[in-house]
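In case you want the letters, here they are:
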Amino acid sequence: MKKKYNWGILGAGNIARKFASDLKLLPAAKLYAVGSRSLERAESFASEFSVQKAYGTYEDFISDPEIDIVYIASRHIGHYPDTLLCLNHGKPVLCEKPIAMNRHQFRKMRALAESKRLFFMEALWTRFIPSFLKTMELIRDGAIGEVRLIESDFCFCPPYQEEGRLFNPELGGGTLLDVGIYPLFIALELGGDIKEIQAMANFGKTGVDTMCHMLARHTGGVMSVLSCSIVNQGNVETIVQGTKGRIRLNKWWHTPTSIDLIDANDRVEHIEFDEPGFGYQYEAQEVMDCLDQNLIQSSKFSLAQSDRLITALDRVRELAGIKYPQRLEKV
Ligand SMILES: NC(=O)c1ccc[n+]([C@@H]2O[C@H](COP(=O)([O-])OP(=O)(O)OC[C@H]3O[C@@H](n4cnc5c(N)ncnc54)[C@H](OP(=O)(O)O)[C@@H]3O)[C@@H](O)[C@H]2O)c1
């Protein structure tokens, strides 16, 4: 019989709630513990999701020997210190995106995980959802011929909250790290390594990047045109264009969604997927499959893939002038 895994969630916020709800779909997963900076928040989360243990500090949480794997659901700026804390307590880690504020932090996290032989993966959930897997399969099977161009956008207009994590530079706010990571992710996955990139950003009142546009040439010759924004209601679609046709991943393409396969004569085959949850269960299952096999990283979204992604984000930041307070970038 396969093992049942005791999951611990660090940070009792928005994404933690969706992940907790999806864990219930997995027979091998038990949501065992939650750690928050506030005992009240931990207890309220625990009662909402029937979690056995609630801790009011991250230190107390991580000292629980029964936790098999930690899902880090804190804000961007917490990913580096919180991952180090978990790894230093001998816990495997699934860490929310972006994996760190920069590649230097990521490389330190990776080195620690590897030296301790602990599983470590970025929670880039899109890599595991059925609509993305189907897109990869169609491309592999030649449904659109040779891929030539990837157009990917993530432009939306969330409510403006100056202190909130999207607009506050002290919390690692801005569009690129929060949602621009998705267009870059799909460009890298489907277009391969980036050879050259250009980028330009607009900045808002609080100083964070509110729009960012990127143009890339990949090593195999594919080009990509990518955009993200938190100040305009735009596209949240991806279109992969090939020599025989194109695939459109429809709105909120980074989540489980429908796709359209469109041929050279504009005939559309619409493909829907039956989705039982929010879609976070697929990445969680991948983690448990890897742990079952004693792997310390996933071959589907490896640490090399995370490195490539965070390195591309660093490069875009450099080109577009996206900066954070120095202490948030510290290694
Ligand atoms: N994969 C996805 O679809 C997806 C979607 C949304 C967000 N995310 C990622 O998930 C992460 C969390 O996003 P979220 O929307 O869940 O954020 P959130 O609810 O605003 O905050 C998450 C948690 O971070 C913890 N935290 C730790 N230090 C903090 C500090 N100094 N100030 C405020 N909070 C602090 C808090 O937990 P405690 O107070 O309980 O300790 C808070 O509840 C982000 O990095 C984001 O990129 C991913």
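Residues numbered from 1 in each chain as written. Predicted model: local features only at pLDDT ≥ 70, side-chain atom pairs only at ≥ 80, totals over all residues. Heavy atoms only, no water.

## Focus on the overall build of the protein chain
Part 1 of the argument: On a plain count of helices and strands, the protein chain comes out with nine helices and 14 strands.
Part 2 of the argument: Relative to its length of 331 residues, the protein chain is compact, with a C-alpha radius of gyration of 20 Å against a globular reference of 20 Å.
Part 3 of the argument: C-alpha atoms of the protein chain, sized along the principal axes, occupy 60 × 50 × 40 Å.
Part 4 of the argument: Counting all 331 residues of the protein chain, 56% fall into the buried class.
Part 5 of the argument: Long-range contacts, defined here as pairs at least 24 residues apart, represent 66% of the contacts in the protein chain between residues at least 6 apart.
Part 6 of the argument: Per element, the accessible surface of the protein chain, about 14,300 Å² overall, is 49% carbon and sulfur.
Part 7 of the argument: On the protein chain, the mean spot of the 39 positive side-chain charges and the mean spot of the 42 negative ones are 3 Å from each other. (Helix = DSSP H or I, 4+ residues; strand = E, 2+ residues; numbered from the N terminus. Rg over C-alpha atoms; globule rule 2.2 N^0.38 Å. Buried < 20%, exposed > 50% of the residue type's maximum accessible area, 1.4 Å probe, protein only. Contact = heavy atoms within 4.5 Å. Areas by Shrake-Rupley, 256 points an atom, 1.4 Å probe, with all protein chains shown as cover. Lys, Arg positive; Asp, Glu negative; His and termini not counted. Charge placed at Lys NZ, Arg CZ, Asp CG, Glu CD.)

## Section: the site of the ligand
Part 1 of the argument: Neighbouring residues of the ligand: 21 residues in total, closest Ser36, Arg41, Tyr58, Lys97 and Tyr280.
Part 2 of the argument: Within the backbone of Arg37, a nitrogen or oxygen atom sits 2.8 Å from an oxygen atom of the ligand.
Part 3 of the argument: Within the side chain of Tyr280, one N or O atom sits 2.6 Å away from an oxygen atom of the ligand.
Part 4 of the argument: Look at the ligand: alone it shows 900 Å² of surface, and the protein chains cover 84% of it.
Part 5 of the argument: Of all the secondary-structure elements, those providing two or more residues to the shell around the ligand are helix H1 (14-23), helix H4 (76-88) and helix H7 (175-191).
Part 6 of the argument: Per-class residue counts for the shell around the ligand are seven nonpolar, seven polar and seven charged. (Near = heavy atom within 4 Å. Polar contact = N/O pair within 3.5 Å; in protein donor to acceptor, adjacent residues only side chain to side chain. Nonpolar A, V, L, I, M, F, W, Y, C, P; charged D, E, K, R; others polar.)

## Thoughts on the packing of aromatic side chains
The relative placement of two aromatic rings is captured by the distance of their centres and the angle of their planes.
Part 1 of the argument: Under the criterion given, the structure shown has 14 aromatic pairs.
Part 2 of the argument: Grouped by ring-pair contacts, the aromatic residues Phe154, Phe156, Tyr182, Trp252 and Trp253 constitute a single cluster.
Part 3 of the argument: The ring of Phe278 has Lys18 sitting right over it, with the charged end atom 5.4 Å from the ring centre.
Part 4 of the argument: Lying across the ring of Phe128, Arg127 places its NZ or CZ 5.8 Å from the centre. (Phe/Tyr/Trp six-rings, centres within 6.5 Å; stacked < 30°, edge-to-face > 60°. Lys NZ or Arg CZ within 6 Å of the ring centre and 35° of its normal.)

## A short note on the side chain of Asp178
Part 1 of the argument: Of note, Asp178 is situated in helix H7.
Part 2 of the argument: A polar atom in the side chain of Asp178 sits 2.4 Å from the side chain of Arg165.

## Examining the domain arrangement of the protein chain
Part 1 of the argument: The assigned domain composition of the protein chain is domain 1 (5-125 + 280-300) and domain 2 (130-277).
Part 2 of the argument: Centre-to-centre, using C-alpha coordinates, domain 1 lies 26 Å away from domain 2.
Part 3 of the argument: With 13 residues of domain 1 at the interface, the matching set in domain 2 holds 16 residues.
Part 4 of the argument: Across the interface of domain 1 and domain 2, roughly 1,400 Å² is buried in total on both sides, 66% from carbon and sulfur atoms.
Part 5 of the argument: Applying the counting criterion to the domain 1 and domain 2 interface returns zero salt bridges.
Part 6 of the argument: Looking at side-chain class alone, the side of domain 1 that touches domain 2 contains seven nonpolar, two polar and four charged residues. (Domains from an automatic or database assignment. Buried area = accessible area lost by both parts, 1.4 Å probe. Salt bridge = Lys/Arg side-chain N within 4 Å of Asp/Glu carboxyl O.)

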